[in-house]
Amino acid sequence: MLEIRNLHATINGKEILKGIDLTINDGEIHAVMGTNGAGKSTLSNVIVGNPAYQVTQGEIVFNGMNLLEMNTEERANAGIFLSFQQPVEIPGVSMTNFMRAAVNARYKALGREQLSAGDFLKLMREKRKLVELDSKLTGRSVNEGFSGGEKKRNEIFQMAMLEPDFCILDETDSGLDVDALRIVAEGFNKLRRPDTSAIVITHYRRLLDYLKPDIVHVLIDGRIIKTGGPELALEIDEKGFADYTAL
Amino acid sequence: MRNNQYVDFYIQVRETIRQHSCTVMNARREEAFRVFSANGFPSIKTERYKYTDVAQDFAPDYGIRLSADNAAHTEYCRPLSEADMDTEPYYNRIADTDDSIVALNTMLAVDALFIHVPRNTKARHPIQINNILKGQQDTMSNRRILIIMEEGAEADVIITDHAADQQHFLTNQVIEAYCGDNSRLNLYEIEETNLMCTRYSNVFIHEGRDCSVRHTVLTLFNGHTRNACRVRMAGENSATILNGCVIADKMQRVDNNTLIEHMVPGCSSQELYKYVLDDSATGAFAGKILVHKGAQKTSSAMTNANLCATRQTRMFTQPVLEIYADDVKCSHGSTVGQLNDQALFYMRQRGISLHEARLLLKAAFITEVIETIPLEALRDRLRLVVDKRMRGELSKCEGCRLC
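Owing to the predicted nature of the structure, the values given are computational and were not obtained by experimental measurement.

Asker: If you had to explain the sheet that holds strand β6 (residues 80-83) of chain A to someone new, which residues and values would you point to?
Answerer: Residue and element names in this part refer to chain A. Overall, mixed pairing links the six strands, which are arranged β6-β9-β10-β3-β11-β12 in an open sheet. Looking at strand neighbours, the two that pair on one side only are β6 and β12 (223-228), the edges of this open sheet. Each strand axis lies, on average, 20 degrees off the axis of its neighbour in the sheet, ignoring direction. Across five bridges, strand β9 (residues 166-170) lies against strand β10 (residues 197-201) in parallel orientation.

Put into structure tokens, the structure is as follows:
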């Protein structure tokens, strides 16, 4: 699904990623854990093509495509989805118009027929229920006046609408209470197909208890310094990163 | 080109104009001629014209119509020559007679439209006036409208400007609106012309007490436009709202100039003007709120917010408060910003193209003004028109057989 080789990236001239190698196969869930500022969010931004970041070295191959030659929207339409750590509020752009533009673009890329207005609204209703998103919210502007939890649910709702092949959940658990976390995590589990892959970025074990990663990576100072099975997450949850940062 | 091509022209045709016009208009014509020939066009050194080169806009050799138009007659609307009351005390009285552009209109206008809503009468339907610029030669029109809202009268008046032909059209419009005590006037001006059109508009509104006046000016497509709106609040407890929105790209220019005068205590005024500029468009907004001595308990807020989508756009903004009373609440603010990069990235991550994402953000910025419009049908139509305008599909107005 995704192959990252020797990835270096900078923002405003400062090197954040210092050589990342990562292979994710179809259907695998990888957790990336690490201290604040280690480069976790940079990694996700670089994969989805945030123009604020510059890749200085290395490559990313997604289902045979050279991602670094594709712009942000081409990557999205190829099936890459980022659940934002801090979803942006866009006053004046209605959720419906926003979602319709996104779904139309994705369907076009998939070679599917465009949905009629009626079918589109039906799909919105159906997917909304999955993450228990209030119907009032889909009538509003994108993320405007949403609580922290609602914003995160809205991210998973958008994921449901766009049916990506590869998802990045960037601290989707932050700011969520226990119930909201369960709804979001179960929503994700219901959505994923057997071949859907994901990177889950988190500081905590709680989300991983629901999502059950196959592989766990520890990212410190722009490098993956340890990779293991699910037990690594338990270890970090108990001991913290002290053992790694001391290295 | 000399200013006085209009002076020479007037001297040649004044008799023809007089014959085709009416007594009330002729009575003020020579005085206007004197003002115009003495002052000529204002230069950019004149404060309120500093963002618009008037002489250049009026320089081309335009044809000028010298006969009266067959304006439509409806319940509340007729030619001034057929007015159902004595209009002499109203015509060219609240207009700024020292302003050369206004004087030029008074000097050359052959006919005027008269909107009269009698005492305690509510016009059930909006009064819509569509101006369609047509013709096979470059033409200047001097449009004149007199609105009298008697005490307790209510009306929505919608004035639209369209251009049906690809010619240079220059419109010089003067509107005077008298709002009697406890009257309600919603005046809309919507411009959807083309790049070859130039528009000058001077709107003068006089309010009595307990009035509710709303003026909304929308420049959706144009060439060069200068809109001025002056409101004098002469009676207590009245409320004025001036809203405007501008969508401009290519080499379009739009200049809005407003003045609200609080003459007496206890009135409120609000202004919201939003501009979306793209390509090499230029925008200007100069708004002034003047609170006269003794106009205590005035409440006033002015906002001008602007979005410059490229580095080549230029926006000039000048919000001014001038206050001679000591117990008032007044605010003014102005912003000039760019498209939000984070919002663009968010939308692109959802697969929306950069082009489409920019469109959505630009339309969203303008939406705030459209949503203030109380007439639901107009609001719905404008949402559609704004979307089409942003997509570059607005060349012909939809459903109109004339254009």
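Asker: An account of the sheet that holds strand β1 (residues 2-11) of chain A is needed here, citing residue identities and associated values.
Answerer: Residue and element names in this part refer to chain A. Reading across from one edge, β2-β1-β4-β5 is the order of the four strands in this open sheet, with antiparallel pairing throughout. In the strand order of this sheet, the two ends are held by β2 (14-24) and β5 (65-66), each with one partner. Across eight bridges, β1 lies against strand β4 (residues 53-62) in antiparallel orientation. By the bridge assignment, A9 is partnered in β4 with V55.

Asker: Kindly report on the interface of chain B and chain A, identifying the contributing residues and their values.
Answerer: Across the boundary between the two partners, chain B contributes 19 residues, which contact 22 residues of chain A. Those elements giving two or more residues to the side of chain B that touches chain A turn out to be α6 (341-349) and α7 (354-370) of chain B. Looking at the side of chain B that touches chain A, the element that brings in the most residues is α7(B), giving eight residues. Each residue belonging to the side of chain B that touches chain A can be placed in one class, and the counts come to ten nonpolar, five polar and four charged.

Asker: Could you give an account of the nonpolar core, naming the residues involved and the relevant values?
Answerer: If you look at the biggest cluster of nonpolar residues, it comprises 186 residues, and the most contacted ones within it are A:V200 and B:I147. Among the elements that take part in this core, α7(B) stands out by supplying nine residues, more than any other. In this view, A:V200 contacts A:I29, A:A31, A:L169, A:L207, A:L208, A:L211 and A:P213; residues no more than four positions away in its chain are not counted.

Asker: Tell me about the packing of helix α3 (residues 29-39) of chain B against helix α5 (residues 100-108) of chain B, and please be specific about residues and values.
Answerer: Residues and elements named next belong to chain B. At a minimum axis separation of 8 Å, α3 and α5 run at an interaxial angle of 140 degrees. Taken together, the axis directions place α3 and α5 in an arrangement best described as oblique. Every pair of crossing elements has a handedness; the one defined by α3 and α5 is left-handed. Each of R29, A32, F33, V35, F36 and N39 in α3 lies in contact with α5, whose residues at this interface are S100, A103, L104, T106 and M107.

Procedures and definitions
- Residues numbered from 1 in each chain as written.
- Chains lettered and ligands numbered in written order.
- Predicted model: local features only at pLDDT ≥ 70, side-chain atom pairs only at ≥ 80, totals over all residues.
- Pairing = 2+ DSSP bridges.
- Helix = DSSP H or I, 4+ residues; strand = E, 2+ residues; numbered from the N terminus.
- Axes fitted to C-alpha atoms, helices over the stretch in contact; angles between N-to-C directions.
- Contact = placed C-beta atoms within 7 Å.
- Nonpolar A, V, L, I, M, F, W, Y, C, P; charged D, E, K, R; others polar.
- Core = buried A, V, L, I, M, F, W, Y, C linked by C-beta atoms within 7 Å.
- Buried ≥ 20, exposed ≤ 12 C-beta atoms within 10 Å, placed from the backbone.
- Parallel < 35°, antiparallel > 145°, perpendicular 65-115°, else oblique.
- Left-handed = near helix turned anticlockwise from the far one by under 90°.

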